[in-house]
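Structural characterization, general
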Number of protein chains: 2
Amino acid sequence: MANPYRSYLAIGESIDKKNYIIVTFFLHSEGQPFDRTAGGVAAESSVGTWTDVNLQGKTLWDKLHGKVFEADEKTGSVKIAYPLELFEPGNIPQLLSSIAGNIFGLLEISALRILDIDFPETFIKSFPGPFFGIAGIRKITGISNRPLIGSIIKPKLGLSHVEHMNAALDVFEAGVDLVKDDENLTSQSYNSFYNRVDEGTSQMKRSGFLGKGSEKIYAYNITASYDEMLKRAEYVVAKNGNCLMIDILTSGFAAVCGIRNKNFGKIIHAHRAMHAAFTRSKQYGISMLVIAKLARLSGVDSLHTGTIVGKMEGGKEEVLAIDNFLRGEWYGLKTVLPTASGGLHPGHVPDLVRLLGKDVLCNFGGGIHGHPDGSKAGAVAVVQAFDAATKNIPLEEYAKNHPELRKALEKWVVKEE
Amino acid sequence: MANPYRSYLAIGESIDKKNYIIVTFFLHSEGQPFDRTAGGVAAESSVGTWTDVNLQGKTLWDKLHGKVFEADEKTGSVKIAYPLELFEPGNIPQLLSSIAGNIFGLLEISALRILDIDFPETFIKSFPGPFFGIAGIRKITGISNRPLIGSIIKPKLGLSHVEHMNAALDVFEAGVDLVKDDENLTSQSYNSFYNRVDEGTSQMKRSGFLGKGSEKIYAYNITASYDEMLKRAEYVVAKNGNCLMIDILTSGFAAVCGIRNKNFGKIIHAHRAMHAAFTRSKQYGISMLVIAKLARLSGVDSLHTGTIVGKMEGGKEEVLAIDNFLRGEWYGLKTVLPTASGGLHPGHVPDLVRLLGKDVLCNFGGGIHGHPDGSKAGAVAVVQAFDAATKNIPLEEYAKNHPELRKALEKWVVKEE
């Protein structure tokens, strides 16, 4: 049988990268000719469908169809070039509906993952990108030459807004730079969003942590339906908070871009909850690198990317590729601060510093609030661990005359071994 | 080693379903004790983390922690009951950040899928649900006793707004009830959203298809960043269009709920592009049934669910479970019209009617616009196929004196055999 998608094949054709979005897929196609399936993917994700249609002649088909210009059955690698005219500038949901839409559901595929996307300059520049980026966050915090230290209040849920913000103040006082809500804390009966903002901004002002050039950052989680999300963002603005947190994947890119496009002049901290529902399978889905590229387009200032060490999956090579992308030049768009978060404690700090460098935010939840002597001691221990690591002193050595660190290591490092 | 998550295990405990959201998972945990991993999932998705924390005593921990009340290692089935107090009413992103958030990334799991969710009445009633539902759509269209017939204009992209709407009018005149944009058509240079709405609403008014009690429906795809999405919805309202289409997963539930909460009084048609990126893997992700439940909460009026036949994956049992959920009673929330779409042609109609019943919207793209004699003849052929099927006349029989149907069958059914 002839390949009905042969017109989508352009193997070896040289592609002018200025005019195309190029998507690298991993494809498997059990019992189907590989080329045919690759062509079918290019059709369904651009202008084609399962049969020829009459109106095709009336369209710009020649200008618009996706082109399979590389296809290697042995490795499963397929590269498709999509003409820019297929896409709406500034519209991430439309991009996803095209190149990450129906194709995952096609009967004839047995595996399909989006590994990477390369965007041309004109498309990238149709987005605002981050408002602050790494340099902007460093300017707000006054921290120039070390990783930022963050904490998530734990337990995730159940503290009142006062207990919650007391814990935040404790760790700020101990030297932590940023505190954030947990991803599932938004506005619950015992800890409403508005009470939390009131309490947080007033406590932080009183303590001199806001509005003085070297601020502490509090990331208030505004994740909700968009109408409510916008109200919450406006409330943080009204109360002179400095950071909006969004669970970008459970909220969705329409909402993230909506908030960013308002130009509130507040840091947007992006949590990636739910990413592994589609980044983790080796068969179907989208890589975290691609999500990171979309997040940078959408304009978040910091993004959870992985810890390498800690409780979450995500290997060294993958996390570094993502972090290096976020920190690198990208047609003038500002950078994004990579955030390492999940199961971290002071014992991990030397590895974090060695692996991730200094342009990173390292978050500690249980690894601070689980310290035997409480949250403040836990935060002191983390700060001590960063001091030791940046001075290249082994933790065990440094712990000898730093009791908070010593107790932390006794709880976590000894127990782990 | 003791199970640090044993306090999350409540196997056999009887759960009062009025006070809990109950999530059914498929879990696999290579080389780890099953109970321990199930408890770890319950911890991470409710109030716990990888270590004990000091502030736990201050919280409502006993009232708030998730409980593993069923765990069957042999089948991988795990049921966790989450106290309602964990969740914010009316907030789907927060729900997902909790029960579908970090857990997919936990190192110790080797497979985790959310198969089903049961919500208690109070949570369900914190959402508006569909504005119209099936009964409302039937009232608008005046069609009481048969499936609705829909068409997607094909090719997906490249027609001008005039060519596009001429094709829509052709198929409306032939008896099609609804026409929709394709999922990746939003506002491109050759076919801008606003031009399309102008052309569509004025052509449809001129032809008597709008505002007369038995309307034709046009679903304008408003998918974009939220600020632009809202402008587009308001434009459809201003021009008296009757239906907003949203790619609900690429836009995200914050945006879907944001639009629904505006109470525009327009049908919301939900396309599920990208669903298979997380519904298709057998290892990781979320079932389509769960997405359908969230979509009904969020308040869409119709939702793509599967065809059973056609070009997309999705087996009979799964699609029927979803469709029956959408059509069934759910604590007073209105129903959602299931939409079968993807690779359908007139030859599929008897199977569609037999399998899916009459409360369904069946969409034809290539199966109409690929007809040898053009879009209008293609639409006539589809309408003839539904006539035949509802009269229980075999298609080949009916085709003898219905030439449009005959030509369609000659192109698609004969070729398929």
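Residues numbered from 1 in each chain as written. Chains lettered and ligands numbered in written order. Predicted model: local features only at pLDDT ≥ 70, side-chain atom pairs only at ≥ 80, totals over all residues. Heavy atoms only, no water.

Attention now goes to the overall build of chain A. A tally of regular secondary structure across chain A gives 18 helices and 13 strands. In terms of overall size, chain A behaves like a compact globule, its C-alpha atoms giving a radius of gyration of 24 Å where 417 residues would be expected to give roughly 22 Å. Each of the three principal axes of chain A carries a C-alpha extent, and together these read 75 × 50 × 35 Å. When the 417 residues of chain A are sorted by exposure, 66% land in the buried category. Carbon together with sulfur atoms contributes 50% to the accessible area of chain A, which is approximately 13,900 Å² in total. One way to put it: in chain A the 46 positive side-chain charges average out to a point 4 Å from where the 46 negative ones average out. (Helix = DSSP H or I, 4+ residues; strand = E, 2+ residues; numbered from the N terminus. Rg over C-alpha atoms; globule rule 2.2 N^0.38 Å. Buried < 20%, exposed > 50% of the residue type's maximum accessible area, 1.4 Å probe, protein only. Areas by Shrake-Rupley, 256 points an atom, 1.4 Å probe, with all protein chains shown as cover. Lys, Arg positive; Asp, Glu negative; His and termini not counted. Charge placed at Lys NZ, Arg CZ, Asp CG, Glu CD.)

Once that is clear, we can look at helix α1 (residues 34–44) of chain A. Residue and element names in this part refer to chain A. In terms of burial, α1 is a largely internal element, nine of the 11 residues being buried. Within α1 the residues assigned to the buried category are F34, T37, A38, G39, G40, V41, A42, A43 and E44. Buried residues in α1 make contact with β1 (20–28), β2 (67–72), β3 (77–83) and β4 (111–118). (Contact = heavy atoms within 4.5 Å.)

The next point concerns the sheet that holds strand β2 (residues 67–72) of chain B. Residues and elements named next belong to chain B. Across the sheet, five strands lie side by side as β2-β3-β1-β4-β10; this open sheet has mixed pairing. Each edge of the sheet is formed by a strand with only one pairing partner; in this case those strands are β2 and β10 (284–286). This sheet shows a mean twist of 20 degrees between the axes of neighbouring strands, independent of strand direction. Here seven bridges tie strand β1 (residues 20–28) to strand β3 (residues 77–83), and the two strands are oriented antiparallel to one another. Pairing of F25 across the sheet is with V78, part of β3. In the packing of helix α1 (residues 34–44) onto the sheet, the strands contacted are β1, β2, β3 and β4 (111–118), and the crossing angle to β3 comes to about 30 degrees. Relative to the sheet, helix α12 (residues 288–298) contacts β4 and β10, its axis offset from that of β4 by approximately 40 degrees. (Pairing = 2+ DSSP bridges. Axes fitted to C-alpha atoms, helices over the stretch in contact; angles between N-to-C directions.)

On the secondary structure map, B:K154 appears in the loop between β5 (148–152) and α6 (161–173). The class of B:K154 is buried, set by a relative accessible area of 5%. Within the local environment of B:K154, its side chain forms a polar contact with the side chain of B:D182, the two groups lying 2.8 Å apart. The residues touching B:K154, leaving out its near neighbours within four places in the chain, are A:T49, A:V53, A:L55, B:L159, B:D182, B:G365, B:G366 and B:H369. (Polar contact = N/O pair within 3.5 Å; in protein donor to acceptor, adjacent residues only side chain to side chain.)

This part takes up the domain arrangement of chain A. Residues and elements named next belong to chain A. When cut into domains, chain A gives domain 1 (6–124) and domain 2 (133–416). Its C-alpha centre places domain 1 at a distance of 36 Å from the equivalent point of domain 2. On the side of domain 2, 20 residues touch domain 1, which itself brings 21 residues to the contact. Between domain 1 and domain 2, the buried area comes to about 1,800 Å², and carbon and sulfur atoms account for 67% of it. Looking at the side of domain 1 facing domain 2, the largest losses of area belong to I92, R113 and I124, adding up to 38% of the total buried there. Put simply, domain 1 and domain 2 have two salt bridges between them. (Domains from an automatic or database assignment. Buried area = accessible area lost by both parts, 1.4 Å probe. Salt bridge = Lys/Arg side-chain N within 4 Å of Asp/Glu carboxyl O.)

Our focus in this paragraph is the relation of the copies chain B and chain A. Relating the two copies of this chain is a rotation about some axis coupled with a shift parallel to it. Least-squares fitting of chain B to chain A yields an RMSD of 0.0 Å, with the superposition described by an axial translation of 0.0 Å and a rotation of 180 degrees. With respect to symmetry, the two chain copies, as superposed, fit the operation of a two-fold axis. Within chain B, B:G252 has its C-alpha nearest the rotation axis, a separation of 1.9 Å. Taken as a fraction of all interface residues of chain B, those also at the interface in chain A reach 100%, which identifies the copy contact as same-surface. (Least-squares fit on C-alpha atoms with pLDDT ≥ 70 in both.)

With that settled, the discussion passes to the interface of chain B and chain A. At the interface, 95 residues of chain B touch 95 residues of chain A. For the pairing of chain B and chain A, the buried interface totals around 7,700 Å² over both sides, and the portion due to carbon and sulfur atoms is 58%. Its largest share of buried area at the contact with chain A, chain B owes to B:W50, B:R280 and B:K311, together 9% of the area lost on that side. Note that A:R232 and B:E88 form a salt bridge whose closest N and O atoms lie 2.5 Å from each other. Taken together, the connections running from chain B to chain A amount to 52 residue pairs in polar contact (both at pLDDT 80 or more). When residues in the side of chain B that touches chain A are grouped by element, the largest group, six residues, is from helix α10 (residues 253–261) of chain B. Of the residues that constitute the side of chain B that touches chain A, the class distribution is 38 nonpolar, 40 polar and 17 charged. (Nonpolar A, V, L, I, M, F, W, Y, C, P; charged D, E, K, R; others polar.)

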